[in-house]
Amino acid sequence: MATSPVEKQAFAAEVDQVLSIVVNSLYSHKEVFLRELISNASDALDKLAFEALTDHALVAKGEELRIEIEADEKQKTLTIRDNGIGMTREELTRNLGTIARSGSRELMAALRQKGDDKNLSLIGQFGVGFYSAFLVADRVSVVSRSARSEESWRWESEAKDGFTIESAQRDGRGTDIVLHLKEDCAEYLQAWQLQNLVRKYSDYVRHPIRMPRQKDGKTEWDTVNQANALWTRSKADIGDEQYREFYRHLAHDWTDPLAWTHFRVEGTQSLTGLLFLPSKAPLDLFERKNKGVRLFVKRVFIMEDCQELLPEWLRFVRGVVDSEDLPLNVSREILQQDRVTRQIRKQVVKKTLTLLEELAKEGTTLVPRSPDDDEDDKDAGDAAAGDQVERNRYEEFWRNFGTVLKEGIHVEQEHKTDIAQLLRYESTRESGLTSLHDYVARMPQDQPGIYYVTGDSIETCRRCPQLEGLRKKGYEVLYMADPVDEWVVRDLAEFEEKKLIDASKGALDLPESDAEKEAREAKAAELGDLLGAVKASLEDVVKDVRSSNRLAESPACLVGDEGDLSPHLERILRAHGQAVPEQKRILELNPDHPIVKAMQGMAADAGRTQELGEWSHLLYDQAMLAEGTLPKDPSGFARRIAELMQKVVGR
Ligand code: ADP
């Protein structure tokens, strides 16, 4: 084979930057490089084992799939070697030279936005992977030979300015990652230190990790990890830290998982599952990539990201499922229509919901403060006694993944009620998140249903004039500021037999005494002339003008009819390019408000018709503003305000 010249290539956009951020910010945690590289090697072995299921020639009879770690004191190199799937020239370039992971661009943007390029939790969500090699090495050389090729290639980089790629020699398929250690990283040449790191971070790796030892002039290879699949061990034998490490390995996450569930199901369907909830949402949560669960059949790795096992609305779950019943040669096509798959999926959903219910029940607990608590985490709970902090794991979960979970209400009829129990909202009670169940438990006897308002933010909801009357009456109103909530309330319609009622729609049928009713009707009757006059001047924009029982401090608000789209939903749909027909709404006036009373005076005076018209428009526009919609004619609004102000100053 003709030797090809060394070819130099620049890294694809932003690799340089991501690299330097990773190296700078993770420097004090640099030992994780070993875990990351071993994880990659283990994945490469899994991929090979899977291919070998159908192509037996790929692995020689009796050949052991393994990872080797070898230090060379003289050269000051550390090599992590695997006989896994390997990489072709093209794969080396693509996998190690471009940012393959979609999150990197988002990572850069998020870091810039925070103005803090040492933000550990953000980098954790990104996952450092292969780049962690540069934490300890100033030069990294990767020699690889793909299982499907006769050629070997060397990829080499000093991180700073791109990489080179050239033809190389390697016996057999697999990959050597050769780290030319930095001056101050010589400790990673010591066998005991490496062994400790393997036991600490990679004990659960399913493949043997071997290290050489000289005995009687010969090299023996000791296995330094337990080398069995963590999930096959009994729960009693697994420590929390091992679960955490396993999660980090599996999810390529930096942060600890929030919670996990490890279960075995026996019977017609036998399977073992180990499912984790991450503690932070990944940057690509909304790209709808479902990379949650890895499927194994009888300990043999079958596939990553097994979408058939995990519904989209649980796409934040990470874990493994090991089935005893699926055939080893199972393919995506088989999985899609297999009855066994459906049953496994059912179990995954059930166990995840149970885990969430348990977390929700746990409430707020005191936990030791962790040294890694960053600023974000501190907000979650105020420091309690000494080095303990309050923690509500379910609320953490909810703030990260609640939006995704809510999608389940729309798509999963079967679990609608279970998911509804898990919903959390802020409310006029202003004391944090509440469940619908607790809301219902607090409802006064005469309250007709569960009130809510929707808006772009909690702040808009909070200021929503439509809920003033309810607040005054002592009825709690839920703030729904998440776009999916519009669908949640439609799909749910009721909870524990209480209707969900939009506080800004329809006539509010508030319970009232006879005296209250009389007084309300009398006021409405007094408004009579005014209502007609305002309606006449706003004919083009509103479908009716009426007296309101939902206002306390504000003079007016806009409401929809029962079946109308809420203005919030209208804005969402428009933002997504959907043609939403113009909807006229109903303007409600507060009969007790001084402005409305003043307008009653104008309505009685034929000479002030024009003034009344101007005021009507002002009322309408400010009602729009109050719910976050810009007036249709902003300059008209500004002109009217200016005229009014001029009047006040007497010119
Ligand atoms: P991640 O593992 O999160 O995808 P990495 O940066 O760690 O990201 O690795 C990028 C890619 O390089 C991997 O997805 C894999 O395809 C490839 N790769 C890394 N290490 C190895 C290895 N030892 N053998 C084969 N492929 C590897």
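Everything below is about the structure printed above this text.
*Asks:* How should the side chain of Arg585 be read in this particular structure?
*Replies:* Mapped onto the elements, Arg585 comes out in strand 24 (residues 585–589). Accessibility expressed as a relative area gives 9% for Arg585, which makes it buried. One polar contact links the side chain of Arg585 to the main-chain carbonyl oxygen of Leu558, over a distance of 3.4 Å. Ignoring sequence-local partners within four residues, the contact set of Arg585 consists of Val541, Val542, Lys543, Asp544, Leu558, Val559, Gly560, Pro567 and Glu627.

*Asks:* Honestly, the packing of aromatic side chains in this entry has me stumped. Any pointers?
*Replies:* For any pair of aromatic rings, the description consists of the separation of the ring centres together with the inter-plane angle of the planes. On inspection of all chains with the given rule, the structure shows 16 aromatic pairs. An angle of 80° between the planes, with centres 5.4 Å apart, marks the rings of Phe130 and Trp155 as edge-to-face. One end of the pair, Phe130, is in the loop between helix 5 (120–126) and helix 6 (133–136); the other, Trp155, is in strand 5 (residues 152–157), and 25 residues separate them in sequence. You'll find Phe130 and Trp155 in the same group, each marked buried. For the ring pair Phe316 and Phe397, a centre distance of 5.3 Å and an interplane angle of 70° mean the geometry is edge-to-face.

*Asks:* In this structure, what is going on with the site of the ligand? I would like to understand it.
*Replies:* Of all residues adjacent to the ligand, which total 13 residues, the nearest are Asn40, Asp82, Asn95, Gly129 and Phe130. In this structure, an oxygen atom belonging to the ligand sits 2.7 Å away from a side-chain N or O atom of Asn40. In the model, an oxygen atom of the ligand is placed 2.8 Å from a nitrogen or oxygen of the Phe130 main chain. When the ligand sits alone it has 530 Å² of accessible area, and the protein chains cover 83% of it. Looking at the shell around the ligand, the elements that each hand over two or more residues are helix 2 (32–54) and helix 3 (89–97). With 4 residues, helix 2 is the largest single contributor of residues to the shell around the ligand.

*Asks:* Even after reading the chapter, I still don't get the nonpolar core, so can you show me in this structure?
*Replies:* Soluble globular proteins tend to bury their nonpolar side chains together. Phe130, Val140, Trp155 and Leu179 are the most contacted members of the largest nonpolar core, which has 72 residues in total. Broken down by element, the residue count for this core peaks at 10 residues, all from helix 2. Counting residues domain by domain, this core receives three or more from each of domain 1 (15–223) and domain 2 (230–364). Not counting residues up to four positions away in its chain, the partners in contact with Leu179 are Phe33, Leu37, Lys76, Thr77, Leu78, Ile80, Ala133, Val136, Ala137, Arg139 and Val140. Grouped together as the second largest cluster of nonpolar side chains are 70 residues, Ala281, Leu295, Val297 and Val340 included.

*Asks:* Is there a simple way to explain a negative patch on the surface in this structure?
*Replies:* Judged by side-chain charge, Asp16, Asp138, Glu158, Asp161, Glu183, Asp184 and Glu187 come together as a negatively charged surface patch. Residue placement: Glu183 occurs in the loop between strand 7 (174–181) and helix 7 (191–202). A relative accessible area of 77% means that Glu183 is categorised as exposed.

*Asks:* How should the sheet that holds strand 17 (residues 426–427) be read in this particular structure?
*Replies:* Remark on secondary structure: sheet strands pair via backbone hydrogen bonds, oriented parallel or antiparallel. Spatially, 5 strands are ordered 17-19-18-21-20 in an open sheet, and the strand pairing comes out mixed. Looking at which strands have only one partner, the edges of the open sheet turn out to be strand 17 and strand 20 (494–495). Here strand 18 (residues 450–454) pairs with strand 21 (residues 498–502) via 3 bridges, running parallel. Paired with Tyr451 across the two strands is Ile501, which belongs to strand 21.

*Asks:* In this structure, what is going on with the pairing of strand 7? I would like to understand it.
*Replies:* Side-chain direction in a regular strand flips from residue to residue, so the side chains alternate between the two faces of the sheet. Most of strand 7 sits out of view: 8 of its 8 residues are buried. A two-sided burial pattern is seen for strand 7, the buried positions comprising Gly174, Asp176, Val178 and His180 on one face and Thr175, Ile177, Leu179 and Leu181 on the other. Here strand 4 (residues 137–145) runs beside strand 7; their pairing, made up of 8 bridges, is antiparallel. Looking across to strand 7, one finds that Arg145 is bridged to Gly174.

*Asks:* Got a minute to help me understand the pattern of salt bridges in this structure?
*Replies:* Close approach of charged atoms lets side chains of opposite charge pair. For the coordinates displayed, the defined rule picks out 52 salt bridges. Measuring nitrogen to oxygen at the nearest pair gives 2.4 Å for the salt bridge that ties Arg206 to Asp46. With Arg206 in the loop between helix 7 and strand 8 (209–215) and Asp46 in helix 2, this residue pair connects regions lying 160 residues apart in the sequence. Here Arg206 and Asp46 have matching classes, each one buried. When salt bridges that share partners are traced, they join Arg35, Glu36, Glu241, Arg244, Glu245, Arg248 and Asp256 into one network.

What counts and what doesn't
- Here the residue numbers are simple positions, counted from 1 along each chain's written sequence.
- Since the coordinates come from a predicted model, pLDDT governs what is reported: local features require at least 70, and pairs of side-chain atoms require 80 or more to be given and counted, while whole-chain, interface and lining totals use all residues.
- Hydrogens are left out, water is left out, and the side-chain values use all remaining heavy atoms of the structure.
- Secondary structure follows DSSP: runs of H or I at least 4 residues long count as helices, runs of E at least 2 residues long count as strands, and numbering of each begins at the N terminus.
- Type-normalised accessible area, obtained with a 1.4 Å probe on protein chains alone, sets the label of each residue: buried when under 20%, exposed when over 50%, and partly exposed for intermediate values.
- Here a polar contact is recorded for every N or O atom pair within 3.5 Å, except that within protein the pair must consist of a potential hydrogen donor and a potential acceptor, and residues adjacent in sequence are included only if both atoms are side-chain atoms.
- Whether two residues touch is decided by their heavy atoms; if any such pair falls within 4.5 Å, the residues are in contact.
- Two rings from Phe, Tyr or Trp (for Trp, the six-membered ring) form a pair when their centres are within 6.5 Å of each other. A pair whose planes differ by under 30 degrees is stacked, one over 60 is edge-to-face, and the rest are tilted.
- Any residue with a heavy atom lying within 4 Å of a molecule or strand is counted as near it.
- In short, Shrake-Rupley with a 1.4 Å probe defines the accessible areas, and a residue's cover is counted only from the protein chains shown.
- Residues belong to a common nonpolar core when they are buried Ala, Val, Leu, Ile, Met, Phe, Trp, Tyr or Cys residues joined through side-chain atoms within 4.5 Å.
- All domain edges in this entry derive from an automatic or database-based domain assignment.
- Surface patches are defined over residues having more than 30% relative accessible area and no salt bridge, joining like charges when they lie within 9 Å and nonpolar side chains (Val, Leu, Ile, Met, Phe, Trp, Tyr) when within 5 Å.
- Any Lys or Arg side-chain nitrogen found within 4 Å of a carboxyl oxygen on Asp or Glu counts as a salt bridge.
- Residues scored as charged are limited to Lys and Arg (positive) and Asp and Glu (negative), so that His and the chain ends carry no count.
- By convention, the charge on Lys lies at NZ, on Arg at CZ, on Asp at CG and on Glu at CD.
- Between any two strands, pairing holds if DSSP finds at least two bridges.

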